[in-house]
Amino acid sequence: MGTVGIVVNPYSGKDVRRIVSYATSFDNQEKISITRRILSGICELGDHRIYMMPDDNRLSYDALDGMSNPEVRKRVTIPDTFVSGSAKDTSRFVKYVTEEERADVVIALGGDGTSRVAAKTIGDVPLIPVSTGTNNVYPAFIEGTAVAMAASAIAGNILKREEFLHGKLIEVSISNGQHDIALVDAVLSKKSYIGARAITQEEDIDAILVAQAHPANIGFSGLIGSIHSVSPEEDSGIYAKLDWQCNTYIAAIATGMLTRFGARDIRRVKIGEEIVLQPGYFGTVALDGEREMTFGPEDTMILKITRNGPRKVNVKEAVQKAADLGYLRSPMR
């Protein structure tokens, strides 16, 4: 018997980008449906314990209430903990389920931001990030039943956690004492306040460091991707200063929104290499698409890419390996 933690973010797929671009909203009912498919699959494949994160929209309770199989309800625990309606709920739950309940794997339904928050406290436990939005890079769109198969194989020790390598992340330190991480991209913005967090005016973007990039990505990593691709497996990233007076490149800055831009000081950054910046203005740092840190003209910041990221699970590869090991063979009755 193993232990599975499940995070369901009620706010993913509903940020300001739904207003300023053509992105669709991802409603909570669909998240509940995905969660039910995950619960059904896990309970079918093993006698595992399941812990679900409480939230102020009661998604975990609604998902559980709609399950027709009484066995599922016996397996699931929703901790009676304080709910703030903020990212702290995810961080606190992941820390609890990994440290106190010794979870074997954590499933996170949300966007890049949800995965980033989970990464801060997940430690050595494998993470299955499931996208519930339209412009995510780190989590994947994947059927909940397949997610359950991968999670059950890990919880049942068919697949060892050591098989899932630690991924890349970007570490950001500012001389004013702030420290944080990003899984995909860190962006320097000339917007001096955090506000709605999402950057909606492209000309505010001054510089970007990416841990992964592809021209088909939607968002900031797509800007770099239109110049050079960087896979999650490569031991490097790319840094560039942007020039909005030029139109050398075209990229999808948001869903349905292509932009033209220029870039200079484009350079490949190795794992562990430090980028030291002194922007000289009041600004913010957006981490995986959301402004999280502020800095002033006197501040210095250090950015670097490391291999301290989560043990990210590729669901299709995990299910294939479990099948090859005989995990999906039904015993004789």
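For the structure, see preceding data.
Computed from a prediction, not measured in an experiment: that's the story for all the values here.

How each quantity is defined
Residues numbered from 1 in each chain as written. Predicted model: local features only at pLDDT ≥ 70, side-chain atom pairs only at ≥ 80, totals over all residues. Heavy atoms only, no water. Core = buried A, V, L, I, M, F, W, Y, C linked by side-chain atoms within 4.5 Å. Buried < 20%, exposed > 50% of the residue type's maximum accessible area, 1.4 Å probe, protein only. Helix = DSSP H or I, 4+ residues; strand = E, 2+ residues; numbered from the N terminus. Contact = heavy atoms within 4.5 Å. Expected span 1.5 Å × (residues − 1). Arc of directions from axis to C-beta. Pairing = 2+ DSSP bridges. Salt bridge = Lys/Arg side-chain N within 4 Å of Asp/Glu carboxyl O. Polar contact = N/O pair within 3.5 Å; in protein donor to acceptor, adjacent residues only side chain to side chain.

Visitor: Hey, could you go over the nonpolar core for me, with residue numbers and the actual values?
Guide: In terms of nonpolar packing, the biggest core is built from 39 residues, with Ile6, Leu39, Ile107 and Ile128 touching the most fellow members. Among the secondary structure elements, those contributing two or more residues to this core are β1 (3–8), α2 (28–45), β2 (49–52), α3 (59–65), β4 (105–110), β5 (126–131), α7 (144–155) and α9 (315–324). Setting aside residues up to four positions removed in sequence, leucine 39 forms contacts with Ile6, Ile50, Met52, Leu64, Met67, Val72 and Val76. The next biggest cluster of nonpolar side chains, apart from the first, holds 21 residues, and it includes Leu188, Ala207, Leu277 and Ile305.

Visitor: Before we move on, could you go through helix α5 (residues 87–99) and cite the residues and values that matter?
Guide: Spanning 13 residues, α5 covers 18 Å between terminal C-alpha atoms, matching the ideal 18 Å at 1.5 Å per step. Here α5 has its buried residues at Asp89, Thr90, Phe93, Val94, Val97 and Thr98. Mapping the buried residues of α5 onto a view down its axis gives an arc of 140°, with all of them on the same face.

Visitor: Now, about the pairing of strand β7 (residues 179–182): what can you tell me, with residues and values included?
Guide: Moving residue by residue along a regular strand, the side chains alternate between the two faces of the sheet. Note that strand β6 (residues 169–174) and β7 share 4 bridges and pair antiparallel. Within β7, the residue paired with serine 173 across the bridge is histidine 179. The antiparallel hairpin formed by β6 and β7 contains 4 residues in its connecting segment, where glycine 177 sits at a positive phi of about 100°.

Visitor: Can you lay out the pattern of salt bridges for me, pointing to particular residues and giving the numbers?
Guide: A full pass over the atoms with the stated rule returns 20 salt bridges. Taking the shortest distance from any N to any O, the salt bridge between glutamate 143 and arginine 37 comes out at 2.8 Å. Separated by 106 residues along the polypeptide, glutamate 143 in the loop between β5 and α7 and arginine 37 in helix α2 bring together distant segments of the chain. Relative accessible area serves as the criterion here: at 37%, glutamate 143 is assigned to the partly exposed category. The partner of aspartate 124 in a salt bridge is arginine 311, and the shortest N-O contact between them spans 2.9 Å. Placement of aspartate 124 in the loop between α6 (112–121) and β5 and of arginine 311 in strand β17 (residues 311–312) is noted, with a sequence separation of 187 residues between them. You can call aspartate 124 partly exposed: its relative accessible area is 33%.

Visitor: Quick one: what's the story with the environment of threonine 3, residue by residue and with numbers?
Guide: Tracing the backbone shows threonine 3 in strand β1. Along the primary structure threonine 3 and isoleucine 158 are separated by 155 residues, whereas in three dimensions their C-alpha atoms are 13 Å apart. In this structure threonine 3 touches Arg49, Tyr51, Glu101, Arg102, Ala103, Asp104, Val105 and Ala155, once residues within four positions along its chain are discounted. Within the structure, the side chain of threonine 3 is placed 2.7 Å from the side chain of arginine 49, a separation counted as a polar contact.

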